[in-house]
Amino acid sequence: MDFEYVSLDKTGKEIRGILSANSIQEAKTKLKETGLIIVKVEPKKEGIFTSTQKISDDELYTISKEMSVLLNSGIVIDRALKMVIDSIEQEKLKLFLENILKDVKGGKSLSSAFEEKKMFDSLVITMLKVGETTGNLKDAFDNIAQYTDFRIKFRNEIRNAMAYPMFLVFASFVTLVAIFKLIIPRFFSIFGSNPKHLPFVSRILYEFSKNLNTKTELIFTGLLIGIYMLSKYFQLNLYRRFANYFIYAPILGNLIIQIELSKFSYAMYAMLKNGVEFIKALDLATNVIKNDFIKEDFKKTSPKIREGKSIGDAFEELRFVPPIFKGMVKVGEESGNMKDMFYELYSLFDEKLKNTIKRVLSLVEPIIITVMGLIVGTIVVSLMLTVMNVSNIKL
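The rules behind these values
Residues numbered from 1 in each chain as written. Predicted model: local features only at pLDDT ≥ 70, side-chain atom pairs only at ≥ 80, totals over all residues. Heavy atoms only, no water. Helix = DSSP H or I, 4+ residues; strand = E, 2+ residues; numbered from the N terminus. Buried < 20%, exposed > 50% of the residue type's maximum accessible area, 1.4 Å probe, protein only. Expected span 1.5 Å × (residues − 1). Arc of directions from axis to C-beta. Contact = heavy atoms within 4.5 Å. Core = buried A, V, L, I, M, F, W, Y, C linked by side-chain atoms within 4.5 Å.

1. A few points about the environment of Lys354
You can see Lys354 is positioned in helix α17 (residues 338-388). Residue Lys354 is classed as partly exposed on the basis of its relative accessible area of 32%. The spacing of Lys354 and Ile259 is 95 residues in sequence and 9.6 Å in space, taken between C-alpha atoms.

Here's what the structure looks like:
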């Protein structure tokens, strides 16, 4: 059970967070053992906007990298955890690790202590369990660090690639709002409030500008907020459901497939490298796929392999996967080297993804500029037509 708490540290700084415990008394005991002064502890309230607390990728990378280095130096697990805790400044993360250290000292396995916190995905927990089974936790933490580093770099690459197009879209939107809110109303106010004698294009711009008022903006904003609240209340991720269909778009669909296959291949490589059996690795790696159509497609492969089908034949029936992916999986199965083959697939689709993004962005940027040019050009022409026909306009 999760409890929300408010506490004070030794300097009097307020700390808020969420703590897992079997009872409110146990939650208070855990907080006291960390040296915090308890202000309030109560069961976590589930609301429309509440979500499961998670450790960020950056935090997970820091923890796993430091643990890998310390364990590789021969330091025992509880001492390594204590040293990581002492090096962390963030109070919530420090408290989280202190609770794990307490569980480990109490006799729990490290993977069980991590799993009970419900702040990690199953892929990370499985890596830790395999590391404990093989007696090689340092490699388990090293693999977690490498996988997390991949996710961080992958996310940053996507964000960096989208930064300039998003800036163009935002700048274009601000420019158009400024034109329709400030320039056009003042220009047409010269000709009075009767647009009947204005040229056709000018009348359209005038009416659009007239209707773009604060009331319209508030209604539009309220509509967006209402849709978001309803989607959270009914647990419907409307954006994701709509985004699933992007896979059928000519260029965007190819981009989505490359993103998903790149993530899937690296997850398979990380799992197989860590000693996870193929079926288990397949189930875990399938969960990193975000597009529901591709994920459902991959989910069908695991039962087929359990029924006796070869890996290559099971993957051959995937609908959204390109032939090169299926062919390389078959080669990996025949050579008995699936781990390295999935790394090759990751490298292949990662490179394809970067090239596709470059091609898409090379198209997106001129399209945005061209559309903006057409809109601004239309506005300029309409204003010129109005000026040219000023003698026919009754003021």
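After that view of the structure, there is still more to cover.
2. With respect to helix α8 (residues 200-211)
Spacing of three or four residues puts side chains on the same side of an α-helix, whose turn is 3.6 residues. The terminal C-alpha atoms of α8, which comprises 12 residues, lie 17 Å apart, in line with the 16 Å expected from a rise of 1.5 Å per residue. Among all positions in α8, only Ser202, Leu205, Tyr206 and Ser209 are buried. Buried residues of α8, viewed axially, fall in a sector of 100 degrees; they line one side. As for α8, its buried residues are in contact with α7 (137-188) and α17.

3. Topic: helix α16 (residues 323-335)
With 13 residues, α16 extends 18 Å from end C-alpha to end C-alpha; this agrees with the ideal 18 Å at 1.5 Å per step. On its buried face, α16 is in contact with α11 (250-273), α13 (292-299), α15 (311-316) and α17.

4. A word on the nonpolar core
Judged by nonpolar contacts, the single largest core of 79 residues is most densely connected at Phe264, Phe278, Phe298, Phe315, Phe325 and Phe342. Among the elements that make up this core, the one with the highest residue count is α11 (12 residues). Filtering out sequence-adjacent residues up to four positions away, Phe264 remains in contact with Leu282, Ala285, Thr286, Val288, Ile289, Phe298, Phe315, Phe325 and Phe342. Residues Ile179, Phe188, Leu205 and Ile379 belong to the second largest nonpolar core, which totals 12 residues.

As far as function goes, none of this settles anything; it's purely spatial.
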